[in-house]
Amino acid sequence: MRVQPMISFHDVDPSPALQQRIEQRIARLDRLHPNLTACRVAVELESLHGRQGHRYRVRVDVTAPGHEVLAGREPREHRAHEDAFVAVRDAFDAVERRIEDLAREQRGDVKTHQPEAHGTVAEIDPLAGRGRIETPDGRSIYFHRHSVSGERFDTLHPGSAVRFVEEAGEDGPQASTVVPLGHHLV
């Protein structure tokens, strides 16, 4: 970490064991993302008005170039947070998940889901068992009878709305899976 982490305690007597646990968890964050620039941890004791006991609130604020990751747990949500070590664990677990997501995103390991391709049947040859789909951008995609799901090839006609999975074929783009959408754009 480029800057010394800041750990603050509000209405809490800092114990050496709790301080050490927080420092261990900060070291884990540094291993998850080597470019962290700052880390601030605040441990607070919240009095529950009208109820017995106190619960700990822990907030962890981590900064990486161009990003700020904040995590914490509200005491009212978790009765287990009457233990400061549990509150620290939960807050750091949450920020670690976010730091791991950020690191994956920055490495380009995040999978993006392409929207399903869709179009309309432009032509169909029932005897040959094939047809062509026209996409909204004007491309023509070949498909075969066996690529139509649910054996519904015979229900298709020009103007049928479909969604499909495109792949490269020998003679250009083709649909490996065609799903009729149930309504027709004639």
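Residues numbered from 1 in each chain as written. Predicted model: local features only at pLDDT ≥ 70, side-chain atom pairs only at ≥ 80, totals over all residues. Heavy atoms only, no water.

Peer 1: An account of the overall build of the chain is needed here, citing residue identities and associated values.
Peer 2: The helix and strand tally for the chain stands at 2 helices and 9 strands. A total of 186 residues make up the chain; the buried ones form 34% of that total. Relative to all contacts within the chain whose residues are 6 or more apart in sequence, the contacts with residues 24 or more apart total 53%. Just so you have it, the chain exposes about 11,600 Å², and 47% of that area is on carbon and sulfur atoms. (Helix = DSSP H or I, 4+ residues; strand = E, 2+ residues; numbered from the N terminus. Buried < 20%, exposed > 50% of the residue type's maximum accessible area, 1.4 Å probe, protein only. Contact = heavy atoms within 4.5 Å. Areas by Shrake-Rupley, 256 points an atom, 1.4 Å probe, with all protein chains shown as cover.)

Peer 1: So what about the pattern of salt bridges? Which residues, and what values?
Peer 2: Throughout the structure, instances matching the rule amount to 12 salt bridges. With a closest N to O distance of 2.8 Å, Asp61 and Arg40 form a salt bridge. Of the two residues, Asp61 sits in strand β3 (residues 54-64) while Arg40 sits in strand β2 (residues 38-47), which places them 21 residues apart along the sequence. Residue classification places Asp61 among the buried positions, given a relative accessible area of 14%. Here Arg40 falls in the partly exposed class, since its relative accessible area comes to 29%. The residue Glu44 makes a salt bridge to Arg57 at a minimum N-O spacing of 3.4 Å. Taken as a pair, Glu44 in strand β2 and Arg57 in strand β3 lie far apart in primary sequence, 13 residues in all. A cluster of three or more residues bridged by salt bridges with shared partners is formed by Arg25, Arg28, Asp93 and Glu96. (Salt bridge = Lys/Arg side-chain N within 4 Å of Asp/Glu carboxyl O.)

Peer 1: Now, about the pairing of strand β5 (residues 117-125): what can you tell me, with residues and values included?
Peer 2: Pairing between β5 and strand β8 (residues 160-169): 4 bridges, direction antiparallel. Looking at β8, one finds that His118 is bridged to Arg163. Hairpin connection from β5 to strand β6 (residues 130-134): 4 residues lie between these consecutive antiparallel strands, with Gly129 at a positive phi of about 75°. (Pairing = 2+ DSSP bridges.)

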